[in-house]
Amino acid sequence: MAEATIFANQTQTLEPFKGVKKVTIEEYFSSGHRTCQGCESALVMKLMVKAAGPRTIVLGSTGCMYVANTTYYSTPWVVPWMHTQLGSSGSAALGTAAGLKALMKKGKMKAEPINVIAFCGDGGGADMGLGAISATLTHKEYNSLILLYDNESYANTDIQLSGLTPYGAHTTFSPPGTVKRIIHTRWKKNVAGMLAAGHPECRYVATVCASYAVEMMNRVRKALTIPGPTFIHSLDPCPKGWDYDPMLSHELGELAIETGIFPLYEVEDGVVKYYGKTKAIVDGRKRKPVREYLLKQGRFAHFTEEDLAYFQAKVDEMWEKWEMPGVVAFRKQPGAVPSVN
Ligand SMILES: Cc1ncc(C[n+]2csc(CCOP(=O)(O)OP(=O)(O)O)c2C)c(N)n1
Ligand code: SF4
């Protein structure tokens with residue numbers, strides 16, 4: 001019994017892919033879905049489960065990656081898959097991990113490490129499902145990964161504002177007007193930083209972008225190898241919601257990183273490590289101007305020079321004034337010394 005309990009706590013051993021030629025050829029998210037041409041979130045699903053391998057259960061919150069990926073009697077998922085409600089990715093991950101553990105402990109199924117991945121969109125993950133994700137990240141005895149695929153809108157219900165929609169974007173809830181040009185005036189929520197900072201039992205939080213496919217898959221593999229709950233935030237260009245030619249999806253992902261708007265980092269056991277092009281920026285490479293990213297997208301077509309300057313200033317502030325760029329927004333009070341008593 002004790003042996004089975006220990007085994008049920010184990011994770012799979014998933015070595016990083018050393019280059020694109022070493023990536024496995026098998027697909028566990030195949031043809032048959034109905035996502036838009038150039039949908040990066042569909043690519044994230046494909047890479048996520050390719051990285052995880054066949055002994056994986058995927059749980060999907062309502063959203064594009066549920067609705068467009070499932071038609072009655074057909075599905076592109078090759079691994080076991082289940083739909084969960086829009087705000088329930090955290091609860092589904094925890095419940096499934098706990099259920100598997102209980103069944104293995106009772107000897108009702110073979111004791112072996114099985115990956116549990118719950119995905120959610122930014123609406124389901126960073127708005128309504130945030131409480132359940134937070135709760136799951138406090139339960140260190142259950143192994144699961146929550147992957148938030150962020151297309152910066154409630155894309156499935158025709159592009160509304162979410163807590164992760166960028167400042168000023170044109171959505172169905174924030175159409176630019178003639179009197180008031182910028183309707184959406186809130187800055188994007190820092191969800192990965194917030195979850196990493198606030199959950200000491202969660203040993204791994206990372207940000208990824210599928211424009212860097214091998215790096216992205218290796219973060220998924222690492223997350224699944226680390227025991228306990230883990231969290232990944234993926235930025236996914238969406239041709240429909242962002243209003244651009246689908247052939248630009250990859251380029252926009254790269255530009256989000258190169259402009260410094262979406263830094264790539266991982267927090268493992270409390271240590272922050274930047275990687276990829278973000279590391280180069282942290283080490284001194286110049287960031288590209290945000291206008292190169294914004295002006296390729298119709299959702300920012302109403303931006304004036306003043307709006308572009310505001311956006312640039314906010315990104316500069318993150319890089320120049322934050323305790324850790326992209327991660328921790330706190331600043332030290334000048335002259336303040338922390339008490340040691
Ligand atoms: C509680 C609840 N409210 C509203 C809906 C309607 N609804 C279905 S999908 C969706 C959008 C989800 O957005 P997001 O989580 O960002 O995923 P995306 O569609 O962008 O992939 C909404 C609002 C719902 N299914 N459940
Ligand atoms: S609306 Fe966006 S996220 Fe949804 S399927 Fe189309 S491209 Fe993908």
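Residues numbered from 1 in each chain as written. Chains lettered and ligands numbered in written order. Predicted model: local features only at pLDDT ≥ 70, side-chain atom pairs only at ≥ 80, totals over all residues. Heavy atoms only, no water.

K.L.:
An account of the overall build of the protein chain is needed here, citing residue identities and associated values.
P.N.:
Helix and strand counts for the protein chain come out as 13 helices and 8 strands. The globule rule puts the C-alpha radius of gyration for 341 residues at 20 Å, and the 20 Å found for the protein chain is close to it. Projected onto the principal axes, the alpha-carbon positions of the protein chain cover approximately 65 × 65 × 40 Å. Expressed as a percentage of the 341 residues in the protein chain, the buried residues total 52%. Sequence separation of 24 or more characterises 73% of the internal contacts of the protein chain that already satisfy a separation of 6 or more. Summed over all atoms, the accessible surface of the protein chain reaches about 15600 Å², with 58% contributed by carbon and sulfur. Once the 37 positive and 32 negative side-chain charges of the protein chain are each reduced to a mean point, those two points are 4 Å apart. (Helix = DSSP H or I, 4+ residues; strand = E, 2+ residues; numbered from the N terminus. Rg over C-alpha atoms; globule rule 2.2 N^0.38 Å. Buried < 20%, exposed > 50% of the residue type's maximum accessible area, 1.4 Å probe, protein only. Contact = heavy atoms within 4.5 Å. Areas by Shrake-Rupley, 256 points an atom, 1.4 Å probe, with all protein chains shown as cover. Lys, Arg positive; Asp, Glu negative; His and termini not counted. Charge placed at Lys NZ, Arg CZ, Asp CG, Glu CD.)

K.L.:
Summarise the packing of aromatic side chains; cite the residues concerned and give the values.
P.N.:
A full pass over the atoms with the stated rule returns 14 aromatic pairs. Relative to Tyr149, the ring of Phe119 has its centre 5.8 Å away and its plane inclined at 70°; by these criteria the two rings are edge-to-face. With a gap of 30 residues between them, Phe119 in strand E3 (residues 115-121) and Tyr149 in strand E4 (residues 144-150) connect regions that are remote in the sequence. Of the two residues, Phe119 and Tyr149, neither departs from the other in class, the shared state being buried. Relative to Trp187, the ring of Tyr167 has its centre 6.3 Å away and its plane inclined at 40°; by these criteria the two rings are tilted. Here the residue Tyr167 occupies a position in the loop between E4 and helix H7 (191-198), and Trp187 occupies one in the loop between E4 and H7, the gap between them amounting to 20 residues. Judged by relative accessible area, which is 10%, Tyr167 ranks as buried. Cation over ring: Arg299 sits above Trp242, and NZ or CZ is 4.0 Å from the ring centre. (Phe/Tyr/Trp six-rings, centres within 6.5 Å; stacked < 30°, edge-to-face > 60°. Lys NZ or Arg CZ within 6 Å of the ring centre and 35° of its normal.)

K.L.:
Explain the site of ligand 1 residue by residue, including any values.
P.N.:
Neighbouring residues of ligand 1: 15 residues in total, closest Gly123, Gly124, Tyr149, Ser153 and Asn156. Within the side chain of Asp122, one N or O atom sits 3.4 Å away from an oxygen atom of ligand 1. Between ligand 1 and Asn156 there is a distance of 2.8 Å, counted from an oxygen atom to a backbone nitrogen or oxygen. When isolated, ligand 1 has an accessible area of 590 Å², and the protein chains bury 71% of it. (Near = heavy atom within 4 Å. Polar contact = N/O pair within 3.5 Å; in protein donor to acceptor, adjacent residues only side chain to side chain.)

K.L.:
If you had to explain the pairing of E4 to someone new, which residues and values would you point to?
P.N.:
If a strand is regular, its side chains alternate between the two faces of the sheet. The buried count for E4 comes to 7 of 7 residues, which makes it a mostly enclosed element. Side chains of E4 alternate between two faces, with Ser144, Ile146, Leu148 and Asp150 and Leu145, Leu147 and Tyr149 buried alike. Pairing geometry for E3 and E4, over 5 bridges, is parallel. Within the sheet, the bridge partner assigned to Gly121 lies in E4 and is Tyr149. Across 7 bridges, the pairing between E4 and strand E6 (residues 229-235) is parallel. (Pairing = 2+ DSSP bridges.)

K.L.:
With reference to specific residues and values, describe the site of ligand 2.
P.N.:
Lining the immediate environment of ligand 2, one finds Thr35, Cys36, Cys39, Cys64, Asn151, Ala155, Cys238, Pro239 and Lys240. Taken together, the residues of the shell around ligand 2 sort by class into 6 nonpolar, 2 polar and 1 charged. (Nonpolar A, V, L, I, M, F, W, Y, C, P; charged D, E, K, R; others polar.)

K.L.:
Please give an account of H7 that cites residues and values.
P.N.:
Of all the positions in H7, only Val191, Ala192, Gly193, Leu195 and Ala196 are classed as buried. Contacts made by the buried residues of H7 are with helix H5 (122-128), helix H6 (130-136), E4, strand E5 (204-208), E6 and strand E7 (265-268). A side-chain oxygen of the first residue of H7 lies 3.4 Å from the backbone nitrogen of Gly193; this N-cap is Asn190.

K.L.:
Explain the nonpolar core residue by residue, including any values.
P.N.:
With 67 residues, the main nonpolar core has Met45, Met48, Trp77 and Tyr293 as its most contacted residues. In contact with Met45, not counting residues within four places along its chain, are Phe29, Met65, Asn69, Trp77, Phe119 and Tyr149. Core analysis: the second largest hydrophobic core is formed by 30 residues, Ile133, Ile146, Phe231 and Val328 among them. (Core = buried A, V, L, I, M, F, W, Y, C linked by side-chain atoms within 4.5 Å.)

K.L.:
Report on the pattern of salt bridges, specifying residues and quantitative values.
P.N.:
If charged atoms from side chains of opposite charge come close, those side chains can pair. Summed over the entire model, instances satisfying the criterion amount to 23 salt bridges. One salt bridge in this structure joins Glu251 and Lys296, with 3.8 Å as the shortest N-O distance. In this pair, Glu251 sits in helix H10 (residues 249-258) while Lys296 sits in the loop between helix H12 (291-294) and helix H13 (305-321), placing the two residues 45 residues apart along the sequence. Judged by relative accessible area, which is 32%, Lys296 ranks as partly exposed. Glu258 is the partner of Lys277 in a salt bridge, and the nearest nitrogen-oxygen pair spans 3.2 Å. Of the two residues, Lys277 is situated in helix H11 (residues 276-282) and Glu258 in helix H10; the sequence distance between them amounts to 19 residues. Within the structure, one salt-bridge network assembled from shared partners comprises Arg219, Lys222, Glu266, Glu268 and Lys273. (Salt bridge = Lys/Arg side-chain N within 4 Å of Asp/Glu carboxyl O.)

K.L.:
Residues and numbers for the environment of Lys240, please.
P.N.:
Inspection of the secondary structure puts Lys240 in helix H9 (residues 239-242). Looking at Lys240, the relative accessible area reads 45%, which means it is partly exposed. Separated by 58 residues in sequence, Lys240 and Gly298 have C-alpha atoms that sit 9.8 Å apart. Each residue touching Lys240, except ones within four places of it in the same chain, is listed here: Cys36, Ala155, Asp158 and Ile159.

K.L.:
Outline helix H8 (residues 213-225), listing residues and values.
P.N.:
It helps to recall that an α-helix has 3.6 residues per turn; residues three or four apart then point in one direction. An ideal rise of 1.5 Å per residue puts 18 Å on 13 residues; H8 measures up with 18 Å between its terminal C-alpha atoms. Every buried residue of H8 is listed here: Met216, Met217, Asn218, Arg219, Val220, Arg221, Ala223 and Leu224. Along its buried surface, H8 packs onto helix H2 (40-52), E3, E4, E5, E6 and E7. (Expected span 1.5 Å × (residues − 1).)

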